[in-house]
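Examination of the molecular architecture
Listed below, chain by chain, are the residues.
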Amino acid sequence: MSAPIVVAEVVRNGFVEGHHHGSVVVTGPDGSIESSRGVVERPMFPRSANKPMQALGMLRSGLSLREELLALAAASHSGQDFHLTGVRTILADAGLDESALKTTPGYPLDDASRDAWVRAGNGPAPLTMNCSGKHAAMLATCVGEGWPTETYLSPDHPLQRMIRTALEDSAGEQVTSVAVDGCGAPLLSISLAGLARAFGRFAAAPQGSHEGLIADAFRTHPQYASGTRRDEARLIRSIPGLFCKAGAEGVLAVGLPDGRGVAVKIEDGAARARMAVMAGTLQTLGLDHEVLDDLREHPVLGGGVRVGSVRPV
């Protein structure tokens, strides 16, 4: 059986002090596997990398949002002020408020936003949890369709059934396991290859299609899809036509405008290695940009200064 392989090394002052194991896959425009390393065809949980496909299920169910709010609906946002305003707007337009959110309470992901939130006397809240945009959009979809909002997180809810179909259609394979994600929403399994395949399809989708609307929302408003200081936003801004989304437990997926998809899973869940491995993989595919040179080396600090890096191997 295949197994995760060493995909990154941790270098401190020229000494390799550790490694990250993981898996990487590249799919072609037709969805076939073009290259792979590690475990790419067994079920796994993409975590928040599933969000674009969850948004697809919502659009198929009748949700309509202006572009930046659609990006927020598929985001793991940083909790910056404009994110919170956007979540409140999605809810208000559906006749709801923050009390309707069943998101697990959390702090903003962005350090400065978290500090400001705490200084203002606030604790963890459903609004500031990074998945609140998705939850607000789920609630808005339910209101628009006349579906119950109290049970919108049940796997048997009409909305969640639509989301499952959207994910299976995008990945070209069936969901085999259902769990509960960190935010409380249903978490559906696909393979790493299925995740790459889905992102390739979104990135190459015709303009105006549901998939195309989601990818274009990310490309036009990457700060809404992540945050102003996030590496995902940097990558989207720098590579024309690229579409990407990260997930917890070391997951990152990219779609390229020619229909190729790339997905990375770091076995130990380390977020620090996923972008480094992705940047290195994109370079092997022929992409050339200074941002890839920067992102392929995650800083390792010693005494508060950079003394090494986590880098792909």
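See above for the structure.
Residues numbered from 1 in each chain as written. Predicted model: local features only at pLDDT ≥ 70, side-chain atom pairs only at ≥ 80, totals over all residues. Heavy atoms only, no water.

Brief notes about helix α8 (residues 210-220)
Within the sequence span of α8, burial applies to G212, I214, A215, A217 and F218. Contact partners of the buried residues in α8: α1 (51-60), α2 (67-73), α7 (192-203), α9 (222-225), α10 (231-238) and β8 (243-247). (Buried < 20%, exposed > 50% of the residue type's maximum accessible area, 1.4 Å probe, protein only. Helix = DSSP H or I, 4+ residues; strand = E, 2+ residues; numbered from the N terminus. Contact = heavy atoms within 4.5 Å.)

Things to note about the environment of R164
Tracing the chain through its elements places R164 in helix α6 (residues 158-171). Counting along the chain gives 129 residues from R164 to S35, while the straight-line C-alpha distance between them is 27 Å. Setting aside residues up to four positions removed in sequence, R164 forms contacts with V175, V178 and L188.

Description of the packing of aromatic side chains
A complete count under the given rule lists 4 aromatic pairs for this structure. Ring geometry for F199 versus F243: centroids 5.0 Å apart, planes at 20°, classification stacked. Of the two residues, F199 sits in helix α7 while F243 sits in strand β8, which places them 44 residues apart along the sequence. Residue F199 is classed as buried on the basis of its relative accessible area, which comes to 0%. For F243, a relative accessible area of 0% corresponds to the buried category. Relative to F243, the ring of F218 has its centre 5.1 Å away and its plane inclined at 75°; by these criteria the two rings are edge-to-face. Linking F218 in helix α8 with F243 in strand β8, this pair joins segments that are 25 residues apart in sequence. With relative accessibility at 1%, the residue F218 sits in the buried group. One aromatic cluster is present, formed by F199, F202, F218 and F243 through successive ring pairs. (Phe/Tyr/Trp six-rings, centres within 6.5 Å; stacked < 30°, edge-to-face > 60°.)

Points about the layout of surface pockets
Within this model, the largest pocket holds a volume of roughly 760 Å³. Lining the largest pocket are 33 residues; nearest its centre among them are R230, D231, E232, A271 and R274. Looking at the lining of the largest pocket, the elements that each hand over two or more residues are α10, β8, α11 (271-284), α12 (290-295) and β11 (298-302). Considering each element in turn, the lining of the largest pocket owes the most residues, 5 residues, to α11. Taken together, the residues of the lining of the largest pocket break down into 11 nonpolar, 7 polar and 15 charged. (1 Å grid on protein atoms, 1.4 Å probe; cavity = no way out; pocket = protein on both sides within 12 Å on 5 of 7 lines; lining within 4 Å. Points joined across faces, edges and corners; volume = space filled by probe spheres on them. Nonpolar A, V, L, I, M, F, W, Y, C, P; charged D, E, K, R; others polar.)

Regarding the pairing of strand β10 (residues 261-266)
Buried residues dominate β10, accounting for 6 of its 6 residues. Here β10 shows a buried face lined by G261, A263 and K265 and a second buried face lined by V262, V264 and I266. Relative to β10, strand β2 (residues 15-27) runs antiparallel, the two being bridged by 6 bridges. Pairing of V25 across the sheet is with A263, part of β10. Pairing of strand β9 (residues 251-255) with β10 involves 5 bridges; the strand directions are antiparallel. (Pairing = 2+ DSSP bridges.)

A few points about the pattern of salt bridges
Using the criterion set out here, one finds 17 salt bridges in the structure. In this structure, R60 engages D169 in a salt bridge whose closest nitrogen and oxygen atoms are separated by 2.8 Å. Here D169 lies in helix α6 and R60 lies in helix α1, a separation of 109 residues in the sequence. Among the ionic pairs, R230 bridges to E232, the shortest N-O distance being 3.1 Å. Classification of R230 as buried rests on a relative accessible area of 17%. A relative accessible area of 2% means that E232 is categorised as buried. Several salt bridges converge on common partners, so that one network encompasses D111, R114 and D115. (Salt bridge = Lys/Arg side-chain N within 4 Å of Asp/Glu carboxyl O.)

Some words on the pairing of strand β3 (residues 33-37)
As defined by bridge partners, β2 adjoins β3 across 4 bridges and the pair is classed as antiparallel. Counterpart to V25 in the pairing with β3 is S36. Turn length for the β2-β3 hairpin, with the two strands adjacent in sequence and antiparallel, is 5 residues, and the turn residue G31 shows positive phi of about 90°.

As for the packing of helix α3 (residues 81-93) against helix α5 (residues 132-145)
Orientation of α3 relative to α5, taken along the N-to-C sense of each, is 10°, at an axis distance of 9 Å. Judged by the inter-axis angle, α3 sits roughly parallel to α5. Contacts between α3 and α5 involve V87, I90 and L91 on the former and, on the latter, S132, G133, A136, A137, L139 and A140. Per-class residue counts for the contact of α3 with α5 are 7 nonpolar, 2 polar and no charged. (Axes fitted to C-alpha atoms, helices over the stretch in contact; angles between N-to-C directions. Parallel < 35°, antiparallel > 145°, perpendicular 65-115°, else oblique.)

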